[in-house]
Amino acid sequence: MSEIALLKGIEIDDPRPIAASAPYTFFVPHPAEIAALKRKDGVKFVFRQADAPGGCAVERMWVLIDRIDNGWVYGALDNEPYDMTAFKLGERVVLPLSHVISTAFCKGHERPKTPPVREFWERCMVDLCVLEGRSHVDYLYRQVPDMTQEEDKYPDSGWRLRGTPEAVETDRTREHPFEYIALGKALNQDDRWLHLIGEGPGVAFQWNPDECD
């Protein structure tokens, strides 16, 4: 928590637990990026004001760095808050470097090279019982993508992920027993099939508990 949080009721979300629980959809900067930050670079945080008008306000905003000292960022807010009333553009802040969710390097400051991160935003069909953690992915197959529209930002991957027969049967009477979502959201729940994700359309796999952990 930062000094401003102590003074004005502003809290800073720690992104590390979120990244640990959702590694395929929530990403934090590589340690090399954090180590390379200097004065005039930008860092983004998740700010939270519990007593904002109309209820809790949560905003992702940039801070322009003056200096970094002993794991703390000293700088100024570089956004005008939209819903938060406790502070404003240019407000001086002291925030934990560990809570940075994104970085922006100013002109003349080179962004360090880091390993590429594979993101999984392509869509898939997945049973609700898998998403809710009531079943593992028990049967999966990949068909030729057939739900992609021209205006879609992320296309259909063709993957279809089914839960165990017992869990699927339990959800049969639900209005929407499956969802069309990003592959990453499905992988956050069960990624034991990740090694199969590059297989082409026409494949199908069944979970075998005698051969798999």
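Description of the structure in this document. (Residues numbered from 1 in each chain as written. Predicted model: local features only at pLDDT ≥ 70, side-chain atom pairs only at ≥ 80, totals over all residues. Heavy atoms only, no water.)

Notes on the overall build of the protein chain
What the protein chain contains, in helices and strands, is 6 helices and 11 strands. Computed over the C-alpha atoms, the radius of gyration of the protein chain is 22 Å, more than 25% above the 17 Å expected from 2.2 N^0.38 for a compact globule of 213 residues. Counting across all 213 residues of the protein chain, residues that qualify as buried make up 39%. Taking the contacts inside the protein chain whose residues are at least 6 apart along the sequence as the reference set, 66% of them involve residues at least 24 apart. For the protein chain, the exposed area adds up to about 12,500 Å²; of that, 51% sits on carbon and sulfur atoms. Side-chain charges of the protein chain comprise 25 positive and 36 negative groups, with the mean position of each set lying 8 Å from the other. (Helix = DSSP H or I, 4+ residues; strand = E, 2+ residues; numbered from the N terminus. Rg over C-alpha atoms; globule rule 2.2 N^0.38 Å. Buried < 20%, exposed > 50% of the residue type's maximum accessible area, 1.4 Å probe, protein only. Contact = heavy atoms within 4.5 Å. Areas by Shrake-Rupley, 256 points an atom, 1.4 Å probe, with all protein chains shown as cover. Lys, Arg positive; Asp, Glu negative; His and termini not counted. Charge placed at Lys NZ, Arg CZ, Asp CG, Glu CD.)

Some details on the packing of aromatic side chains
As enumerated under the stated definition, the model contains 6 aromatic pairs in all. For the ring pair Y24 and F120, a centre distance of 5.7 Å and an interplane angle of 75° mean the geometry is edge-to-face. Residue Y24 is found in the loop between α2 (15–21) and α3 (31–36), and its partner F120 is found in the loop between β6 (102–104) and β7 (123–127); the two are separated by 96 residues along the sequence. F120 carries the same exposure label as Y24, and that label is buried. (Phe/Tyr/Trp six-rings, centres within 6.5 Å; stacked < 30°, edge-to-face > 60°.)

So, the environment of R192
Relative to the helices and strands, R192 is located in the loop between α6 (183–189) and β11 (204–206). Separated by 15 residues in the primary sequence, R192 and W207 have C-alpha atoms spaced 9.9 Å apart. Side-chain polar atoms of R192 contact the side chain of D190, separated by 3.1 Å. (Polar contact = N/O pair within 3.5 Å; in protein donor to acceptor, adjacent residues only side chain to side chain.)

Things to note about the pairing of strand β3 (residues 57–69)
Strand direction decides the pairing type here: strand β2 (residues 42–49) and β3, joined by 8 bridges, are antiparallel. Residue pairing in the sheet places Q49 in a bridge with A57 of β3. The sheet contact formed by β3 and strand β4 (residues 72–77) spans 6 bridges and is antiparallel. Across the sheet, R67 pairs through a bridge with Y74, a residue of β4. (Pairing = 2+ DSSP bridges.)

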